[in-house]
Amino acid sequence: MSKFINDVIEKKRREFQIISQNRSVPSAIMNGVIEHRNISYLADGNQAHTLDVFFPADQGGTLPVVINVHGGGLVMGNKEFNRYFCANLCKQGFLVFSIEYRLAPEVTVFRQLDDVTAAIDYVDLVCGQYGGKAGEVFMVGDSAGAFLILYTAAIQRNRKLANVMSVMPAKLPIEKIALISGMFYTTKLDSIGMFLPESLYGKDYRKKPFYPYLDPGHIDVCLSIPPAILFTSRHDNLRRYTRRLANAMAKYNVPYILRDYGSNPSLTHAFPVFSPGLMQSKQAVEEIGNFFRGKYNILLE
């Protein structure tokens, strides 16, 4: 990796820290939510291999399970940034696990996928202890997190894809996924595809067997995606990615719902995560809950 790219990534990480520190979020979002934080899902002492658990304070009976994967362009971000989003989701009646993972370029995308699958396997072991239903497990991710859960779920359903990416699929079945402002196309000739690929996949990645499958619209990937709800907005800088993936899913008759929010300038990239106090963010979280529970007919325009 060149010094220039390394310097850009470090700059982006510093900018993210400033955004995280200066973000204003209503503290009342956490009311009624119990958290258990920084639980290791791999016994290696690596802080990147930890997760947080959120469950309703008034929990009665068992709950469906949601596993959240944070965004950050695969090179930055952390689970703490998604804390308030996870609390909103928890209040919809879910046991929520929010996971950390190692960042690129210190590791490749495939090792990040290993982290996600290791976390899922850990959830499989412990979700019953928190009152979770192992038979009702869903995933949600924003931006780069959406990319990771899409491939995690597709690999689980497609052994060929798992083999070519050298990732062992998670054992716990993922029933549905929610994709928020997904960073789905990492090798297109745009500001992402021209900047990141070697940091994510290594040198000469175009010559590798996995290269064709880095397009989620590839038939083998797309047909392996479980039912999904996709979120974007007019001011989402990756809106074209979500709409492109939705078109591919429509082409191959993969079940999906596309939620493209309007022109409100507050609804920027991954707004349910970045701005969890907004009315529209709470609506989006409610829609995710309804989708996971199978209540398709009450989604709102």
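Residues numbered from 1 in each chain as written. Predicted model: local features only at pLDDT ≥ 70, side-chain atom pairs only at ≥ 80, totals over all residues. Heavy atoms only, no water.

**Regarding the overall build of the chain**
The helix and strand tally for the chain stands at 10 helices and eight strands. Rg of the C-alpha trace for the chain: 18 Å, near the compact-globule value of 19 Å for 301 residues, within the 12% margin. In terms of overall dimensions, the chain has a C-alpha envelope of 55 × 45 × 40 Å along the principal axes. Looking at the chain residue by residue over its 301 residues, the buried ones come to 57%. (Helix = DSSP H or I, 4+ residues; strand = E, 2+ residues; numbered from the N terminus. Rg over C-alpha atoms; globule rule 2.2 N^0.38 Å. Buried < 20%, exposed > 50% of the residue type's maximum accessible area, 1.4 Å probe, protein only.)

**Things to note about unusual backbone geometry**
Residue Pro105 is bonded to the preceding Ala104 through a cis peptide linkage, with omega at 5°. Its location among the elements puts Pro105 in the loop between β4 (95–99) and α3 (109–126). Unusually for a residue other than glycine, Asn253 sits at a positive phi of about 60°. The topology assignment puts Asn253 in the loop between α8 (239–251) and β8 (256–261).

**Here's the deal with the packing of aromatic side chains**
Scanning all chains against the criterion turns up 15 aromatic pairs. An aromatic cluster is present here, built from Phe110, Tyr201, Tyr205, Phe210 and Tyr211 joined pairwise through their rings. Note that Arg244 overlies the ring of Tyr185, its terminal NZ or CZ placed 4.9 Å from the centroid. (Phe/Tyr/Trp six-rings, centres within 6.5 Å; stacked < 30°, edge-to-face > 60°. Lys NZ or Arg CZ within 6 Å of the ring centre and 35° of its normal.)

**Topic: the environment of Pro226**
Structurally, the position occupied by Pro226 is in the loop between α7 (219–222) and β7 (228–233). Taking relative accessible area as the criterion, Pro226 reaches 0% and is therefore assigned buried. Separated by 94 residues in the primary sequence, Pro226 and Gly132 place their C-alpha atoms 21 Å from one another.

**With respect to the sheet that holds β4**
The strand order across the open sheet built from eight strands is β1-β2-β4-β3-β5-β6-β7-β8, with neighbouring strands paired in mixed fashion. Bordering the open sheet on either side are β1 (33–40) and β8, each of which pairs with just one other strand. Each adjacent strand pair in this sheet contributes to an overall mean axis angle of 20°, direction not counted. Examined bridge by bridge, strand β3 (residues 63–69) and strand β5 (residues 132–142) share six bridges and lie parallel to one another. When the sheet's bridge partners are listed, Val65 is paired in β5 with Val137. Together, β3, β5 and β6 (176–180) form the strand contacts of helix α4 (residues 144–157), whose direction differs from that of β5 by roughly 135°. (Pairing = 2+ DSSP bridges. Axes fitted to C-alpha atoms, helices over the stretch in contact; angles between N-to-C directions. Contact = heavy atoms within 4.5 Å.)

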